[in-house]
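# Coordinate inspection notes
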Amino acid sequence: MNEEEKLTVLAKLAGLNIDPAYHLGVAMQLRALLTQGELLTSPPLAAEIEPAPAYHP
Amino acid sequence: MILLDRLERLAGVCAIATAVRRGEITAVEIIQNRLDRIERLNPALNCFTQIFADRALEMARAVDVMVQAGQDPGPLAGVPFGVKDNYDVAGRVTSAGSIINRRRAAAKADAIILQRAAKAGAVLVGTQNMDEFAYGFTTENAHYGPTRNPHDHDRSAGGSSGGSAASVAAGLTDFSLGTDTNGSIRVPASFCGIFGLKPTFGRLPRTGTFPFVHDLDHLGSFARSAADLAAIYDAIQGHDDHDVACAQRAIQPTSPALRKLDQSFDVAVLGGWFHDMADEQGHAAVAAVASALGATHRLTLDLAERARAGAFVLTAASGGNLHREALQAQAQDFDPATRDRLLAGLLLPADLVLQAQRIRQVFREQIMAAFRKHDLLIAAATPCTAPLLGQSTIRINGQDVPARPNMGVLTQPLSFVGLPIVTVPVVRTGLPIGVQIVAPPWREDAALAAAARLEAEGIVQTAVADAC
């Protein structure tokens, strides 16, 4: 599959209707986001780190 | 006549309010002066999306009536200001820089912050241009056109509050109110050579403003001096129940702190990511501020790059979520640069969004540890000076990267954890560039006091645009 085909599948799975005319631009932006996303997952965070808000007295 | 001459030389918030309260000049004279200036200069700059001449003159007359009756119209008496087009103005549809919002109902009331500014005597003259839905750093809006930098009309004013910043730099208004989700006050303040304040997350209520990313959106202001920023902030701060994120904190006036120019701060220069992603002009600006504040420590926050990535990812996901319905029903009406990023945000794995929030938590702990050792932190506000409009790439750290998403590399990590920051315009030749003065949560007073000290020492000063 090329990127455009992958995006079609992904959008369908996510229940989104994305005009094929936008696929190339969306794919480019998604690639940029996923590149940034790699910085979030590696190295892994300690298991006890959680984002829930904590209330203190 | 002398006062009107001073006005042309852009007297500023405190000077105008003082003159009006003393009856030395009328609010109507000031507003008319600024409306004339807008008529003359705005066609080239495109700062405004709508101008409220009648409403402004009516409000100015009300201020003058109070003065004549011996009443005090407030600390911002007769001061002309503009507001980013994502604040509600009663009777008007809040566009947020889009055409999609035109289908929304007109606002029933002014945003709460506008109500507070009006109560303090300030006079709203118009709404100001922005990136669509605040998603951008250049104010190159596909629907309303680009806002031009008053220092060089071929260059960007920064964004997303570009119209608001350019308006203050060109003297069309004496302050402006904007929003900052990832740097949308600090980036345009840097490019336009003016002062900008992004207070602590939760400090200013967002009631009556159009959201972008709920847990990153801040309101803030632009002005031509630190004292002006403090006067505006003091007039508009305070809790409001209608914004669930607004902190239950008492009003903490900052203006008194600015008069203590001899106070010293333990200041550290942010290194690592914050050094590497700035160019030589940014380094020189930071060095000038560091020297004046006696900053000898350099501090590296090793999670800064990951915090920036977290802000980048969270913004796309949250923005996509906010606009999901419109993206499905009328995607063709979005600015293409906004639409593609929001749609991509909707396709992000949930795993990454959760990971971004976890990084945020750890980065917050890291930066709070830094504040146990230092009072203030400083870093360049932008990786470079204002790029040309339409410029597709900028060079950062030896690499050519897309210009539009990367103007906020130095601002994003810091707003990700909601810290109060004042951007100061460093005195230099050539295009302006700003430095961020970062304070611990709720210490807007410290950042503003440091900015005032730098101003008193001639290190920072608003760059008055020659072209105006």
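Residues numbered from 1 in each chain as written. Chains lettered and ligands numbered in written order. Predicted model: local features only at pLDDT ≥ 70, side-chain atom pairs only at ≥ 80, totals over all residues.

### Thoughts on the overall build of chain B
Let me state the cut-off plainly: Under the DSSP-based scheme used, a helix requires at least four consecutive residues in state H or I and a strand at least two consecutive residues in state E, with every element numbered from the N terminus. Restricting the calculation to C-alpha atoms gives the radius of gyration, and the globule rule supplies 2.2 Å times the number of residues raised to the power 0.38. Using C-beta atoms placed from the backbone, we call a residue buried if 20 or more other C-beta atoms fall within 10 Å of its own, exposed if 12 or fewer do, and partly exposed for counts in between.
A count of helical and extended segments in chain B gives 18 helices and 17 strands. For chain B, the C-alpha radius of gyration of 20 Å lies close to 23 Å, the compact-globule estimate for 468 residues. Counting only C-alpha atoms and orienting by the principal axes, one finds that chain B spans roughly 60 × 55 × 45 Å. Per-residue burial for chain B yields a buried fraction of 62% across its 468 residues.

### Some words on the overall build of chain A
The secondary structure content of chain A amounts to two helices and zero strands. Relative to the globule expectation of 10 Å for 57 residues, the C-alpha radius of gyration of chain A, 17 Å, shows a markedly less compact shape. By its C-alpha atoms, chain A is 55 × 25 × 15 Å across when sized along the principal axes. Counting every position in chain A, which comprises 57 residues, the buried fraction comes to 23%.

### Here's the deal with the interface of chain A and chain B
This is how the line gets drawn: By definition, residue pairs are in contact when their C-beta atoms, positioned from the backbone, come within 7 Å. Basically, the charged four are Asp, Glu, Lys and Arg, the nonpolar ten are Ala, Val, Leu, Ile, Met, Phe, Trp, Tyr, Cys and Pro, and anything else, Gly included, counts as polar.
Contacts between chain A and chain B engage 22 residues on the former and 27 residues on the latter. Those elements that provide at least two residues to the side of chain A that touches chain B are helix H1 (3–13) and helix H2 (23–41) of chain A. Sorting elements by how many residues they give to the side of chain A that touches chain B places H2 of chain A first, with ten residues. Across the side of chain A that touches chain B, the residue classes break down as 14 nonpolar, six polar and two charged.

### With respect to helix H3 (residues 27–45) of chain B
Residues and elements named next belong to chain B. For clarity, the cut-off: How far a helix is expected to stretch is found by multiplying one less than its residue total by 1.5 Å. Values of bend correspond, residue by residue, to the angle between axes fitted over the seven residues ending at that residue and the seven starting there.
With 19 residues, H3 should cover 27 Å at 1.5 Å per step; its first-to-last C-alpha distance of 25 Å lies within 8% of that length. Most pronounced at glutamate 39, the bend in H3 amounts to some 40°, and the proline proline 43 follows within four residues. Those residues of H3 that fall on the buried side of the exposure criterion are Ala27, Ile30, Ile31, Arg34, Leu35, Arg37, Ile38, Asn42 and Leu45. At the exit of H3 stands asparagine 46, carrying a positive phi of roughly 60°.

### So, the packing of H2 of chain A against helix H12 (residues 304–322) of chain B
Just so we agree on the cut-off: Between N-to-C directions, angles cover 0 to 180 degrees, with each direction set by a line fitted to C-alpha atoms, over the stretch in contact for helices. Each angle gets one of four labels, with under 35 degrees taken as roughly parallel, over 145 as roughly antiparallel, 65 to 115 as roughly perpendicular, and the rest as oblique. Here a crossing is called left-handed whenever its near helix is offset anticlockwise from the far helix by less than a right angle, and right-handed whenever the offset is clockwise.
At their nearest, the axes of H2 of chain A and H12 of chain B sit 8 Å apart, and the two run at 135° to each other. As the angle between them shows, H2 of chain A and H12 of chain B are arranged oblique. The handedness of the crossing between H2 of chain A and H12 of chain B comes out as left-handed. In contact with Leu33, Gln36, Gly37, Leu39 and Leu40 of chain A of H2 of chain A, H12 of chain B contributes Glu305, Arg306, Ala309, Gly310, Phe312, Val313 and Ala316 of chain B. Of the residues assigned to the contact of H2 of chain A with H12 of chain B, the class counts are seven nonpolar, three polar and two charged.

### A word on the pairing of strand E14 (residues 393–396) of chain B
Residues and elements named next belong to chain B. To keep things clear, this is the line we draw: One bridge is not enough; two strands pair if DSSP finds at least two bridges between them.
Sheet topology places E14 next to strand E15 (residues 399–402); four bridges connect them, and they run antiparallel. If you follow arginine 395 over to E15, its bridge partner there is aspartate 400. Where E14 folds back on E15, the antiparallel hairpin that results is connected by two residues, among which asparagine 397 adopts a positive phi of roughly 50°.

### Re the pairing of strand E11 (residues 267–270) of chain B
The side chains of a regular strand alternate between both faces of the sheet. All names here are of chain B. Neither face of E11 is left uncovered, since the one carrying Val267 and Val269 and the one carrying Ala268 and Leu270 both have all their residues buried. Bridging between E11 and strand E12 (residues 297–299) involves three bridges; their strand directions are parallel. Its bridge partner lying in E12, alanine 268 is registered against histidine 297.

### Details of the environment of alanine 381 of chain B
Residues and elements named next belong to chain B. Mapped onto the elements, alanine 381 comes out in the loop between strand E13 (376–380) and E14. Look at alanine 381 and you get buried, because 34 C-beta atoms sit within 10 Å. Distance from alanine 381 to leucine 314, taken between C-alpha atoms, is 21 Å for residues 67 residues apart in sequence. Discounting residues that sit within four places of it in the chain, alanine 381 has contacts with Arg186, Val187, Ala189, Ser190, Leu410, Thr411, Thr423, Gly434, Val435 and Gln436.

### Some remarks on the nonpolar core
Definition in use: By convention the nonpolar core is taken to be a set of buried residues drawn from Ala, Val, Leu, Ile, Met, Phe, Trp, Tyr and Cys and joined through C-beta atoms within 7 Å.
Among the nonpolar cores identified, the biggest contains 167 residues, and Val123, Val313, Ile378, Ile437, Leu448 and Ala451 of chain B are the most heavily contacted of them. Apart from the residues lying within four places of it in its own chain, the contact partners of isoleucine 437 of chain B are Leu376, Ile378, Ile421, Val422, Val424, Ala447, Ala450 and Ala451 of chain B.

### Structural notes on the confidence of the model for chain B
Here is the rule: Per residue, pLDDT captures the predictor's confidence, and it can take any value from 0 to 100.
Chain-level pLDDT for chain B is 95 on average; 97% of the residues reach the 70-or-more range. Here the complex is predicted with pTM 0.97, and the ipTM for its interfaces comes to 0.94.

### A closer look at the sheet that holds strand E9 (residues 195–198) of chain B
All names here are of chain B. Taken together, the eleven strands give an open sheet; going across it, the order is E1-E3-E2-E8-E10-E9-E16-E17-E13-E11-E12, and neighbouring strands pair in mixed fashion. The sheet is open, and its two edges are formed by strand E1 (48–51) and E12, each paired on a single side. The sheet shows a mean angle of 25° between the axes of neighbouring strands, taken without regard to direction. In terms of strand pairing, E9 meets strand E16 (residues 421–425) through three bridges, oriented antiparallel. Bridging from a neighbouring strand, leucine 197 pairs with valine 422 of E16.

### Section: the environment of alanine 118 of chain B
Residues and elements named next belong to chain B. With respect to the helices and strands, the residue alanine 118 is situated in helix H5 (residues 112–119). Look at alanine 118 and you get partly exposed, because 18 C-beta atoms sit within 10 Å. When the C-alpha atoms of alanine 118 and leucine 229 are compared, they prove to be 16 Å apart, with 111 residues separating the residues in sequence. Apart from residues lying up to four places away in sequence, alanine 118 is in contact with Met59 and Leu124.

### Description of helix H2 (residues 13–21) of chain B
An α-helix turns once every 3.6 residues. As a result, residues three or four positions apart point the same way. Those residues of H2 of chain B not exposed but buried are Val13, Cys14, Ile16, Ala17, Ala19 and Val20 of chain B. Looking one or two residues beyond H2 of chain B, the residue adopting positive phi is glycine 23 of chain B, at roughly 75°.

### Description of the packing of H2 of chain A against helix H14 (residues 336–346) of chain B
Relative to each other, H2 of chain A and H14 of chain B sit at 60°, their axes nearing to 8 Å. The angle between the axes of H2 of chain A and H14 of chain B places the two elements in the oblique class. Two packed elements cross with a definite hand, and for H2 of chain A against H14 of chain B that hand is right-handed. Of H14 of chain B, the residues touching H2 of chain A (which contributes Gly25, Val26, Gln29, Leu30 and Leu33 of chain A) are Pro336, Asp340, Arg341, Leu343 and Ala344 of chain B. Class assignment of the residues belonging to the contact of H2 of chain A with H14 of chain B gives a composition of six nonpolar, two polar and two charged.

### Notes on unusual backbone geometry
Cis geometry marks the peptide bond from serine 42 of chain A to proline 43 of chain A; its omega dihedral reads 0°. With respect to the helices and strands, proline 43 of chain A occurs in the segment after H2. With omega at 10°, the peptide bond leading from glycine 159 of chain B into serine 160 of chain B counts as cis. Of note, serine 160 of chain B is situated in the loop between strand E7 (152–156) and helix H6 (162–169). For phenylalanine 133 of chain B, which is not a glycine, the phi torsion comes out positive at approximately 55°.

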